[in-house]
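Listed here are the chains, written in short residue letters.
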Amino acid sequence: MNLPKFLLGDNTDYQDAIFVIHTDFPRFIINLVDDEIEWFEDFQGEDQEELENEVASLIEQATAFYDREMERYQSE
């Protein structure tokens, strides 16, 4: 199965949260309200350094995805 790079996540227990799930490596869930990230990968050594360089870009991509999705919902 091919998954999209980003998915929106919702949970009524976290009504104020805006979750975006990144399905490619490195896999994570970000709450766009507070930029808290939960990683699904274990990082060590060189991986940690590479991840730190990518985090800002991944957050920007997740935010852009969310903004695009909200624009699409509002235009329907």
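Cut-offs applied
Residues numbered from 1 in each chain as written. Predicted model: local features only at pLDDT ≥ 70, side-chain atom pairs only at ≥ 80, totals over all residues. Heavy atoms only, no water. Buried < 20%, exposed > 50% of the residue type's maximum accessible area, 1.4 Å probe, protein only. Helix = DSSP H or I, 4+ residues; strand = E, 2+ residues; numbered from the N terminus. Pairing = 2+ DSSP bridges. Phe/Tyr/Trp six-rings, centres within 6.5 Å; stacked < 30°, edge-to-face > 60°. Axes fitted to C-alpha atoms, helices over the stretch in contact; angles between N-to-C directions. Contact = heavy atoms within 4.5 Å.

Chemist: I would appreciate a short explanation of the pairing of strand β2 (residues 19-22) in the present structure.
Modeler: Along any regular strand, the residues point their side chains to alternate faces of the sheet. Alternating positions in β2 separate into two faces, F19 and I21 on one and V20 and H22 on the other, with burial throughout. Across four bridges, the pairing between strand β1 (residues 6-9) and β2 is antiparallel. Looking at β2, one finds that L8 is bridged to V20. As defined by bridge partners, β2 adjoins strand β3 (residues 28-31) across four bridges and the pair is classed as antiparallel. Among the inter-strand pairings, I21 is bridged to a residue of β3, identified as I29.

Chemist: In this structure, what is going on with the pairing of strand β4 (residues 36-39)? I would like to understand it.
Modeler: Here β3 pairs with β4 via four bridges, running antiparallel. By the bridge assignment for β4, F28 is matched with W39. Remark: four residues form the turn of the hairpin made by β3 and β4, two consecutive strands paired antiparallel; D35 in that turn has positive phi of roughly 60 degrees.

Chemist: Could you clarify how one ought to interpret the packing of aromatic side chains in this entry?
Modeler: Two descriptors summarise a pair of aromatic rings, namely the distance from one centre to the other and the angle between the planes of the rings. This structure, assessed with the given rule, holds three aromatic pairs. Measuring from centroid to centroid gives 5.5 Å for F6 and F65, while their planes differ by 25 degrees, and the two rings are stacked. Taken together, the residues span a long stretch of sequence, with F6 in strand β1 and F65 in helix α1 (residues 46-75) at a distance of 59 residues. Between the aromatic rings of Y14 and F19, the centroid separation amounts to 6.1 Å while the plane-to-plane angle is 80 degrees, which identifies the pairing as edge-to-face.

Chemist: What's the story with the sheet that holds β3 in this structure? I'm lost.
Modeler: Whenever strands of a sheet pair, they do so through backbone hydrogen bonds, lying parallel or antiparallel. Reading across the sheet, the four strands line up as β1-β2-β3-β4 and stay open at both edges, with antiparallel pairing between neighbours. The sheet terminates laterally at β1 and β4, the two strands that pair on one side only. On average, adjacent strands in this sheet sit at an angle of 20 degrees to one another, irrespective of strand direction.

Chemist: Which parts of the structure should I look at to understand the environment of F28?
Modeler: By the element assignment, F28 lies in strand β3. Residue classification places F28 among the buried residues on the basis of a relative accessible area of 1%. Taking the C-alpha atoms as reference points, F28 and L8, separated by 20 residues in sequence, lie 12 Å from one another. Once residues lying within four places of it in the same chain are set aside, the contact partners of F28 are V20, I21, H22, I37, E38, W39, F40 and L58.

Note that all results are geometric; they support no functional claim without further evidence.
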